[in-house]
Amino acid sequence: MDYEAFLAEKISELKVNGQYRTFQTINRIKGAYPEAYTEGFKKKVVVWCSNDYLNMSQHPDVIYAMHEAIENYGAGSGGSRNIGGTHSYFEKLESSIADWHGKEAALVFPTGYSSNDATIQCLLTLFKDCIVFSDALNHASIINGLRSPAIEKRIFRHNDIVDLERLLSKEPFERAKMIIFESVYSMDGDIAPVKEIVEIAKKYNALVYLDEVHAIGMYGPKGAGISAQLGIADQIDIIQGTMAKAIGIIGGYIAGNSLMIDAIRSFASGFIFTTSLPPVITAACYTSIQHLKKSSVEREKLHQKTFLLRTVLRKKKNQCHVSKYNTYFACTYW
Ligand SMILES: Cc1ncc(COP(=O)(O)O)c(C=O)c1O
């Protein structure tokens, strides 16, 4: 096989389809974000597209915690938690996350992607006969977790509870089932009918797996997400989140009951065989979450600015599509 020719052909296909991507250099300016310098530090720009919704990556307490952790513990973690040992910051962070979501336990992963991928793969290996009901617009990390041809899956129309119930009603009550969906969908910023999906799950004896990646820090009391806002977090079997968006750093997690979390910790290959996050990161995530539990200033400010921007854009251009909930604007300044 001519490997080079094959790869060149693949890249050329992307270019022909207009899907080839190039990176933009965006050097964010500490203390002045969303302002940043482009390549060569000559041109200043305002960043309009970021997941650092609340600017927590720039928060002085978070930066201080990182400095302190790196001074005390150095830069890396030394390996996977089973081999290299676990740092005490993991305990603090996981307890804080569990408490945030009103769950017994939590488990931290290197990224949100790996937390979805590893948990879903693991659960479906353990519950061999489980059928998965997955929203049509679920994130790539969920789709990847479901990739194995051995997994029986049904894709329900996006946010469509009638379609979900139609699919569930065809399966025997006793058979293991899991519904996987997101609370806030990033592309259109629409919110799932979480309460209705939970009710349907109970009716058909299905586990509920909820990706709250775009909601945590942003909605609900203490920013604990849409399930907390609706007061139904206790009815979700697994809440999954990221620490790379509103929390502002990097890392992913799941929260659930102790047995569920212990099973994932003990069996998930994508957790066991990977290097854990370094203390500098877990310290920063812990500090950011502790802050967001206490302070709603950042999310309120962002919601007000999003509302204002949406109203102005609507006035300016009637046909402009501005999503009802989209909060992709990091507009807070320190
Ligand atoms: C819905 C959803 N889940 C999971 C992820 C993965 O999170 P992370 O960026 O922390 O890997 C993303 C990332 O954009 C996402 O949008």
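Everything quoted here is computed from the prediction, not taken from an experiment.

### Topic: the site of the ligand
For step 1, the next point in the chain: Inspection of the region around the ligand gives 13 residues, with Tyr 113, Asp 211, His 214, Thr 242 and Lys 245 positioned closest.
For step 2, the next point in the chain: At 2.9 Å, a backbone N or O of Gly 112 approaches an oxygen atom of the ligand.
For step 3, the next point in the chain: Relative to its unbound accessible area of 390 Å², the ligand is 84% covered by the protein chains.
For step 4, the next point in the chain: When atoms are counted within 2 Å of each cavity's grid points, the one that captures over half of the ligand is the largest pocket.
For step 5, the next point in the chain: Among the elements that make up the shell around the ligand, the one with the highest residue count is helix α5 (residues 112-126) (3 residues).
For step 6, the next point in the chain: Across the shell around the ligand, the residue classes break down as 3 nonpolar, 7 polar and 3 charged.

### Description of the packing of helix α2 (residues 60-73) against helix α12 (residues 279-294)
For step 1, the next point in the chain: Running from N to C, α2 and α12 point in directions that differ by 150°, and their axes come no closer than 8 Å. Looking at the two axes, α2 sits roughly antiparallel to α12. For the crossing formed where α2 meets α12, the hand is right-handed. Contacts from Asp 61, Val 62, Ala 65, Met 66, Ala 69, Ile 70 and Tyr 73 in α2 reach Pro 279, Val 280, Ile 281, Ala 283, Ala 284, Thr 287, Ser 288 and His 291 in α12.

Procedures and definitions
- Residues numbered from 1 in each chain as written.
- Predicted model: local features only at pLDDT ≥ 70, side-chain atom pairs only at ≥ 80, totals over all residues.
- Heavy atoms only, no water.
- Near = heavy atom within 4 Å.
- Polar contact = N/O pair within 3.5 Å; in protein donor to acceptor, adjacent residues only side chain to side chain.
- Areas by Shrake-Rupley, 256 points an atom, 1.4 Å probe, with all protein chains shown as cover.
- 1 Å grid on protein atoms, 1.4 Å probe; cavity = no way out; pocket = protein on both sides within 12 Å on 5 of 7 lines; lining within 4 Å.
- Sits in = over half its atoms within 2 Å of the grid points.
- Helix = DSSP H or I, 4+ residues; strand = E, 2+ residues; numbered from the N terminus.
- Nonpolar A, V, L, I, M, F, W, Y, C, P; charged D, E, K, R; others polar.
- Axes fitted to C-alpha atoms, helices over the stretch in contact; angles between N-to-C directions.
- Parallel < 35°, antiparallel > 145°, perpendicular 65-115°, else oblique.
- Left-handed = near helix turned anticlockwise from the far one by under 90°.
- Contact = heavy atoms within 4.5 Å.

Read these as layout, nothing more, since geometry by itself doesn't imply function.
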